Amino acid sequence: MRKFLSFLVIILASSMFLAACSSSNESNGEASSGDQVVIDFFHRWPNEPRKSFYDEKIAEFEKLHPNVKINVDSVLNDSYKEKIRVLVSNDDLPDIFTSWSDTFAANLVSSGRIMELNDIMAEDTEWSGNIIESQYAGFTFDDVTYGIPFTVDGKAFFYNKQIFEEHNIEVPESYEELINALDQLKEAGYETPVVEGLTNGWAISHYMGTIFDRVIENDVLLKDYNIETGEYTDPGYIRGLEIFKELTTYMGEVSTAIDHEAARNMFAAGEVPVLYMQFAEVGYVEEAGDVEFGFFNFPAVEDGEGRPKSLTGAPEGWMLSKNAPPEAVEFLKFLTSEETAKAFTKADGQLNAIKGGVTEETSNPTSLEAYQIILDASDSTPWFDNAVDITIADIFMRGGQELATGQTTPEEIMKKVQEAAAKLRNQ
């Protein structure tokens, strides 16, 4: 009996020792896979240099947080818009994902599946206060912020300084002066003085959104861009489409056959003097060619009833799904930290909304000039294809392509737009 009791004591002592070892291993983070947190991360940059940048940041964050595994997915611009809409409608949003601001963000927020960030921002003001305050507006609805701005951007005409100087062409300050400058360039031998990739509908929409903002009162645009009140009956839309049509006559036949990237490469090679581009493309132009270029905003339109000095562009940022884990919040802060912002602009050239992220050390004089234009703009106009319902945007984008080839008229386009707007109002 004594032998049996001694054996039992040994067995119990061994069990307690093994349990203690197991507990110790778990506390040191060596144990169960059940402790691991998976974050689903979705962005729209499967191409370089951003793909590698975010892959490196994921690896860096995972190293700092051994219990976190980040699954990443990425698709390009138009496919991203389609996929994120499907995901939000199916309640299958990733934990953290990129989003445009304004109407695009508002549509996602209306699903009720986006995390409110006010409390998170208030609890960590050292982080949230280091983001340029004005950039929050595009992600804030009814005083609730749902997204953290990261990149900032604007749209302007890039022009070849050497060509303009050689032919004594002044930088235009009005639409009439822009047309005169394009005429002078044609006389100087440039058959295509301004180029655009008209196979890309979004590039057309950026033109139209800016033009409408020049010729139509802002209150009218705000009413029309709302699907519940939009009518699109203001005569400024016809005039705006006529202006776009006039500009396409300077773009040559090549513009109806190429995309925006091809147009950008033509500008970078010095083949065409003018191209309407985003400041985010400065780095691409510098990498693809060796031209000295400057910027001018889309000029004021004579007798236009809109805003003559607004800048088309908006921040882009990050959103969290409503059910994202706390580790996704930490990853959001990591992605929008000053350290990440500096590395991002240095690697990619894109301007960002983080204080201290754009400096002489991280950017070049050309990008700093563009950054100042963004900060100094009187107003901002959101990207048109994100500002209006996709049904309306598609009609304008397809209509713009047909205007360029002479297959439709401004009046025919607006008839279709008005019919679509009526259906949206009555839904």
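About the cut-offs
- Residues numbered from 1 in each chain as written.
- Predicted model: local features only at pLDDT ≥ 70, side-chain atom pairs only at ≥ 80, totals over all residues.
- Heavy atoms only, no water.
- Buried < 20%, exposed > 50% of the residue type's maximum accessible area, 1.4 Å probe, protein only.
- Helix = DSSP H or I, 4+ residues; strand = E, 2+ residues; numbered from the N terminus.
- Pairing = 2+ DSSP bridges.
- Axes fitted to C-alpha atoms, helices over the stretch in contact; angles between N-to-C directions.
- Contact = heavy atoms within 4.5 Å.
- Parallel < 35°, antiparallel > 145°, perpendicular 65-115°, else oblique.
- Left-handed = near helix turned anticlockwise from the far one by under 90°.
- Nonpolar A, V, L, I, M, F, W, Y, C, P; charged D, E, K, R; others polar.
- pLDDT = per-residue confidence, 0-100.
- Patch = residues over 30% accessible without salt bridge, like charges linked within 9 Å, V, L, I, M, F, W, Y side chains within 5 Å.
- Areas by Shrake-Rupley, 256 points an atom, 1.4 Å probe, with all protein chains shown as cover.
- Salt bridge = Lys/Arg side-chain N within 4 Å of Asp/Glu carboxyl O.
- Lys, Arg positive; Asp, Glu negative; His and termini not counted.
- Charge placed at Lys NZ, Arg CZ, Asp CG, Glu CD.

(A) Broad picture of helix 14 (residues 326-335). Counting buried positions along helix 14 yields seven of 10 residues, so the element is predominantly enclosed. When we look at burial in helix 14, the residues that qualify are Ala328, Val329, Phe331, Leu332, Lys333, Phe334 and Leu335.

(B) Quick look at the sheet that holds strand 2 (residues 68-74). Strand order in the open sheet formed by five strands is 2-1-3-12-6, with mixed pairing between adjacent strands. Single-partner strands in this sheet number two, and they are strand 2 and strand 6 (147-151). Across this sheet, the average inter-strand angle for adjacent strands is 30°, counted without regard to direction. Bridge count between strand 3 (residues 96-100) and strand 12 (residues 316-320): five bridges; the pairing is antiparallel. Of the residues in strand 12, the one forming a bridge with Trp100 is Glu316. Together, strand 1 (37-43), strand 2 and strand 3 form the strand contacts of helix 3 (residues 77-89), whose direction differs from that of strand 3 by roughly 120°. Each of strand 1, strand 2, strand 3, strand 6 and strand 12 is contacted by helix 14, which is oriented at about 45° to strand 1, the strand it contacts most.

(C) Molecular detail of the side chain of Ser99. Here Ser99 shows up in strand 3. A residue is classified by how much of its surface remains accessible, and Ser99, at 0% relative accessible area, is buried. Among residues more than four places away in sequence, those in contact with Ser99 are Phe104, Ala105, Leu108, Phe139, Glu316, Gly317 and Met319.

(D) Examining the packing of helix 2 (residues 50-64) against helix 15 (residues 338-348) more closely. Direction vectors running N to C along helix 2 and helix 15 enclose 155°, while the axes themselves pass 10 Å from each other. By the angle between their axes, helix 2 is roughly antiparallel relative to helix 15. Seen along the crossing, helix 2 lies across helix 15 with a hand that is right-handed. Judged by residue contacts, Arg50, Phe53, Tyr54, Lys57 and Glu60 of helix 2 engage Glu339, Thr340, Ala343, Phe344, Ala347 and Asp348 from helix 15. Grouping the amino acids of the contact of helix 2 with helix 15 by side-chain chemistry returns five nonpolar, one polar and five charged.

(E) Looking closely at the confidence of the model for the protein. Within the protein, residue pLDDT values average 91, and 92% of them lie at 70 or more. pLDDT under 50 marks residues 1-34. Its contacts with residues more than four places away, or in other chains, come to three contacts.

(F) The pairing of strand 9 (residues 274-278), seen in detail. Counting buried residues along strand 9, five of its five residues qualify, which places the element largely inside the surrounding structure. Residues Val274, Tyr276 and Gln278 of strand 9 are buried on one face, and the alternating residues Leu275 and Met277, pointing to the opposite face, are buried as well. As defined by bridge partners, strand 7 (residues 155-160) adjoins strand 9 across five bridges and the pair is classed as antiparallel. Directly across from Phe158, in strand 9, lies its bridge partner Leu275. Where strand 8 (residues 194-195) lies against strand 9, two bridges are found, and the strand directions are parallel.

(G) Up close: a negative patch on the surface. Residues Glu170, Glu173, Glu176, Glu177, Glu217, Asp219, Glu302, Asp303 and Glu305 make up a contiguous surface patch of negative charge. Counting through the fold element by element, Asp303 comes out in the loop between strand 10 (293-296) and strand 11 (311-312). Judged by relative accessible area, which is 67%, Asp303 ranks as exposed.

(H) A look at the packing of helix 2 against helix 14. Where helix 2 contacts helix 14, the two axes come as close as 11 Å, and the packing angle between them is 130°. Comparing their axes, helix 14 and helix 2 come out oblique. In this structure, helix 2 crosses over helix 14, and the sense of that crossing is right-handed. Facing helix 2, whose interface residues are Tyr54, Lys57, Ile58, Glu60, Phe61 and Leu64, helix 14 presents Glu327, Glu330, Phe331, Phe334 and Leu335. Each residue belonging to the contact of helix 2 with helix 14 can be placed in one class, and the counts come to seven nonpolar, no polar and four charged.

(I) Highlighting the pairing of strand 3. Within strand 3, five of the five residues are buried, leaving the element largely enclosed by the surrounding structure. Here strand 3 shows two buried faces, one formed by Ile96, Thr98 and Trp100 and the other by Phe97 and Ser99. Pairing between strand 1 and strand 3: two bridges, direction parallel. Each bridged residue has a counterpart across the sheet, and for Phe42 the counterpart in strand 3 is Phe97.

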